[in-house]
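Summary of the model geometry
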Amino acid sequence: MSAQLLPTPSASDAVWQAKVHLAAALRLAVLDGLEEGIDNHFTMIVPGKTDHYLLLPYGLHWSEARASDILVFNDAGETLEGEGVVELSAQCIHAPLHRLTGARVVLHTHQPWATALNMLQNNRLLPASQTAAFFHDRIAYDDHYQGLAKTMAEGERLAGLLQNKQVMFLKNHGVITVGDTVAQAYRRLYKLEKACQTQVLAMSSGQPLEIMSDSVIAQVLQRAPEDRHPIRERERLYFEAMMRVLDRVNPGYAE
């Protein structure tokens, strides 16, 4: 008996799945307390394109995001598909980050614990917890807040700082995570908030933090050959589990 080949997903299927995942991530951000209502932005490069991006139209609350709401825009901030006007800072921050770093997914929030850390003069995330250690040497820092992003030059400046890092800390502002998939970028955003939360809580005790040694950090970052769940599988399983949670508590994102 010959093996049955699975059909190759069409381009339209890939775009729809991307919209579903982006809408799910927006709703998850509300569930996880990472959002500011209708502000901040999650974007993704349209599958099969290099200069077209997916975005929730400004004015919709993240808790009501649906795949069918997601619009497509370009570097010029023009809406190519869907309804709604592209918010200026979304264009100015996200389009250059996608274009210049090659990141497929860019998530930007003012989530409370990470933003609290970015309000401090010394805003470095320290490897004092296992979760924080996973971000060691993977964070870029923008230490000079420039005000609201109103020009593409600001996004280009941020792209120059981010380069090949996974996360950017924006002093007096918020954070950005990037990834190849929505699942990857959102898992980073969620874990980053947990790492920032525990650091700020520990700092509030007034006691010195116990910083891990370089050798321990290296051991944390090194995946053992016998690991039963490679990192990409962990990302996929995490996001699928969280979508099941949404299916129970806030369904409708896939409409």
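The structure we're discussing is the one just above.
**Topic: empty space enclosed by the protein**
Under the counting rule described, the total for this entry stands at 2 cavities of 30 Å³ or more. Roughly 90 Å³ of volume is contained in the largest cavity. Around the largest cavity, the lining comprises 14 residues; the ones closest to its centre are Ile-38, Asn-40, Leu-55, Leu-56 and Tyr-58. When its residues are assigned to classes, the lining of the largest cavity shows 11 nonpolar, 2 polar and 1 charged. If you add up the space inside the second largest cavity, you get close to 60 Å³. Ile-93, Asp-142, Tyr-145, Gln-146, Gly-147, Ala-149, Glu-154, Arg-157, Leu-158, Leu-170 and His-173 together form the lining of the second largest cavity. The element best represented in the lining of the second largest cavity is helix H5 (residues 152–162), accounting for 3 residues. For the lining of the second largest cavity, the residue count by class is 5 nonpolar, 3 polar and 3 charged.

**Let's talk about the nonpolar core**
Of all hydrophobic cores here, the largest spans 47 residues; its most connected members are Phe-42, Leu-54, Leu-125, Phe-169, Tyr-186, Leu-192 and Phe-239. Within the residue set of this core, elements represented by two or more residues are helix H1 (11–31), strand E1 (41–45), strand E5 (105–109), helix H3 (112–118), strand E6 (139–142), strand E7 (167–170), helix H6 (182–203) and helix H8 (231–249). By residue number, the principal contributor to this core is H1, which donates 10 residues. Filtering out sequence-adjacent residues up to four positions away, Phe-169 remains in contact with Leu-117, Asn-118, Asn-123, Leu-125, Ile-139, Ala-140, Tyr-141, Asp-142, Gly-174, Val-175, Leu-192 and Cys-196. Membership of the second largest hydrophobic core comes to 14 residues, among which are Val-106, Leu-162, Leu-170 and Val-178.

Quick notes on the rules
Residues numbered from 1 in each chain as written. Predicted model: local features only at pLDDT ≥ 70, side-chain atom pairs only at ≥ 80, totals over all residues. Heavy atoms only, no water. 1 Å grid on protein atoms, 1.4 Å probe; cavity = no way out; pocket = protein on both sides within 12 Å on 5 of 7 lines; lining within 4 Å. Points joined across faces, edges and corners; volume = space filled by probe spheres on them. Nonpolar A, V, L, I, M, F, W, Y, C, P; charged D, E, K, R; others polar. Helix = DSSP H or I, 4+ residues; strand = E, 2+ residues; numbered from the N terminus. Core = buried A, V, L, I, M, F, W, Y, C linked by side-chain atoms within 4.5 Å. Buried < 20%, exposed > 50% of the residue type's maximum accessible area, 1.4 Å probe, protein only. Contact = heavy atoms within 4.5 Å.

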